[in-house]
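Structure at a glance
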Amino acid sequence: MSKKIDRLEERLDKARMRIKRSEDRQVIESVFDTKTLLILYHMFNKGILNEINGVISTGKEANVYWGIQPDGVDVAIKIYRISTFNFKRITLYLEGDPRFSRIPRARSGLITAWASKEFKNLLRAEAAGVRVPHPIHVQRNILVMEFIGEKGYPAPTMHQQDPEKPEKARKAILKAVSTLYHEAHLVHADLSEYNIMLWKEPVIIDISQAVVLDHPHSEMFFERDVRNIVAFFDDFEIPKLDLAETIAAIRQGEYK
Ligand SMILES: Nc1ncnc2c1ncn2[C@@H]1O[C@H](COP(=O)(O)OP(=O)(O)O)[C@@H](O)[C@H]1O
Ligand SMILES: [Mg+2]
């Protein structure tokens, strides 16, 4: 038994050593629970990751880290935190999705379903031709994906920086909404300037709560997404779009 614990401690230490943070050990312990450390240990061992280099974002339910693959390529690692997870909220978004018909009751099962939902939504969006971070790996509460940015510096979100060519950016984003709807049969459901990164083109992120068109509220979410984008660009000196017309055009697949 004590041998088992020794082995566990050894693994945890090995995982901790590859997490480079300026803060001390205590911080690592409070953010990375034992199970998360073990999954990371597994990922380091399998050659999915070589190290974690620093935190990019600490959100309400997840932190995003800058990581490096063994071949030196940057990746983004999104780790959902079990302790602060809003389980009521997410159950709402899992409903009506045939891919998640058996919603797990246990918290760890639900969080696993949530991370895997983000992974699957990324795959589906990418296959449809929407620019999203390329998904690389998902395991329990940890999602590894393409790093949007350069040399460890994430690209700005559209909230942090105005697009240089607003009219072009608006068009690309609304086209992405249309492709997501008609080709991937998904609605993002949390689309705003906070979840769009400005890289060579706008990149849609944070797609865990996206719902299938069968979801009872998909049309309402769809309208809200379009409204957020149209409203955001109303502050720029470009021709304004009529909201109702834009919603109708995208819905009918006529948005050009
Ligand atoms: N693939 C990525 N590459 C680089 N940075 C990312 C990536 N995904 C997310 N980020 C950064 O992390 C932040 C939070 O990510 P997000 O998926 O929106 O999580 P949250 O659920 O906390 O809103 C983003 O605003 C962005 O700055
Ligand atoms: Mg977000």
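Residues numbered from 1 in each chain as written. Chains lettered and ligands numbered in written order. Predicted model: local features only at pLDDT ≥ 70, side-chain atom pairs only at ≥ 80, totals over all residues. Heavy atoms only, no water.

1. Some remarks on the pairing of strand S4 (residues 135-139)
Regular strands place side chains that alternate from one sheet face to the opposite one. Here S4 runs beside strand S5 (residues 142-146); their pairing, made up of four bridges, is antiparallel. Across the sheet, residue His137 finds its bridge partner in S5, namely Val144. In sequence, S4 turns back onto S5 through a hairpin of two residues, with Arg140 there showing a positive phi of about 45 degrees. (Pairing = 2+ DSSP bridges. Helix = DSSP H or I, 4+ residues; strand = E, 2+ residues; numbered from the N terminus.)

2. With respect to the pairing of strand S3 (residues 74-80)
The buried fraction of S3 is high, at seven of seven residues. The two faces of S3 match: Asp74, Ala76, Lys78 and Tyr80 on one face and Val75, Ile77 and Ile79 on the other face are all buried. Here strand S2 (residues 62-68) runs beside S3; their pairing, made up of seven bridges, is antiparallel. Bridged to Asn63 within S3 is Ile79. If you look at the hairpin formed by S2 and S3, you'll find five residues sitting between the two strands, and Gly72 has a positive phi there, around 90 degrees. (Buried < 20%, exposed > 50% of the residue type's maximum accessible area, 1.4 Å probe, protein only.)

3. A closer look at the packing of aromatic side chains
Considering all chains together, one arrives at five aromatic pairs under this definition. On the basis of an interplanar angle of 40 degrees and a centroid distance of 5.3 Å, the ring pair of Phe32 and Tyr65 is categorised as tilted. Here Tyr65 lies in strand S2 and Phe32 lies in the loop between helix H2 (25-31) and helix H3 (34-46), a separation of 33 residues in the sequence. Of the two residues, Phe32 and Tyr65, both sit in the buried class. Geometrically, the ring pair formed by Phe232 and Phe233 is edge-to-face, given 5.0 Å between the ring centres and 85 degrees between the ring planes. On the basis of relative accessibility, which here comes to 13%, the residue Phe232 falls in the buried class. Relative accessible area serves as the criterion here: at 1%, Phe233 is assigned to the buried category. Among the aromatic side chains, those forming a connected cluster through ring pairs are Phe232, Phe233 and Phe236. (Phe/Tyr/Trp six-rings, centres within 6.5 Å; stacked < 30°, edge-to-face > 60°.)

4. Comments concerning the site of ligand 1
In the vicinity of ligand 1 there are 18 residues, among which Lys78, Glu146, Ile148, Asn195 and Asp206 approach most closely. One of the backbone N or O atoms of Ile148 is found 2.9 Å from a nitrogen atom in ligand 1. Protein chains shield 86% of the accessible area of ligand 1, which is 550 Å² for the free molecule. Put simply, the parts of the chain that give the shell around ligand 1 at least two residues each are strand S1 (51-58), S2, S3 and S5. Grouping the constituent residues of the shell around ligand 1 by class yields 11 nonpolar, four polar and three charged. For the shell around ligand 1, the two domains that each supply at least three residues are domain 1 (9-150) and domain 2 (153-251). (Near = heavy atom within 4 Å. Polar contact = N/O pair within 3.5 Å; in protein donor to acceptor, adjacent residues only side chain to side chain. Areas by Shrake-Rupley, 256 points an atom, 1.4 Å probe, with all protein chains shown as cover. Nonpolar A, V, L, I, M, F, W, Y, C, P; charged D, E, K, R; others polar. Domains from an automatic or database assignment.)

5. Considering the domain arrangement of the chain
Looking at the assigned domains, one finds that the chain contains domain 1 (9-150) and domain 2 (153-251). Here domain 1 and domain 2 have C-alpha centroids that lie 24 Å from each other. Each partner contributes residues to the interface: domain 1 has 26 residues there, and domain 2 has 30 residues. Of the roughly 2,300 Å² buried between domain 1 and domain 2 on both sides combined, carbon and sulfur atoms contribute 64%. Three residues, Tyr93, Arg131 and Ile148, lead the burial of domain 1 against domain 2; their summed loss comes to 27% of the area buried on that side. Taken together, the links from domain 1 to domain 2 amount to two salt bridges. (Contact = heavy atoms within 4.5 Å. Buried area = accessible area lost by both parts, 1.4 Å probe. Salt bridge = Lys/Arg side-chain N within 4 Å of Asp/Glu carboxyl O.)

6. Examining the coordination of the magnesium ion (ligand 2)
Any two of four tetrahedral donors ideally make an angle of 109.5 degrees at the metal, while pairs among six octahedral donors ideally make 90 or 180 degrees. Coordination of the magnesium ion (ligand 2) by the protein comes from Asn195 (OD1) and Asp206 (OD), over a distance range of 2.1 to 2.2 Å. With Asn195 in the loop between strand S8 (186-187) and strand S9 (196-198) and Asp206 in the loop between strand S10 (202-204) and strand S11 (211-212), this pair connects stretches of sequence that are 11 residues apart. (Donors = N, O, S within 2.8 Å, 3.2 Å for Na, K, Ca; no water.)

7. Details of helix H1 (residues 2-17)
Residue pairs three or four apart in sequence face the same way in an α-helix, which turns once every 3.6 residues. Along its 16 residues, H1 runs 22 Å from first to last C-alpha, staying within 8% of the 22 Å computed at 1.5 Å per residue. When we look at burial in H1, the residues that qualify are Leu12, Ala15 and Arg16. Take H1 and look down its axis: the buried residues cluster within an arc of 100 degrees, on one side only. Those residues of H1 that are exposed and aimed more than 90 degrees away from the buried face are Lys3 and Met17. (Expected span 1.5 Å × (residues − 1). Arc of directions from axis to C-beta.)

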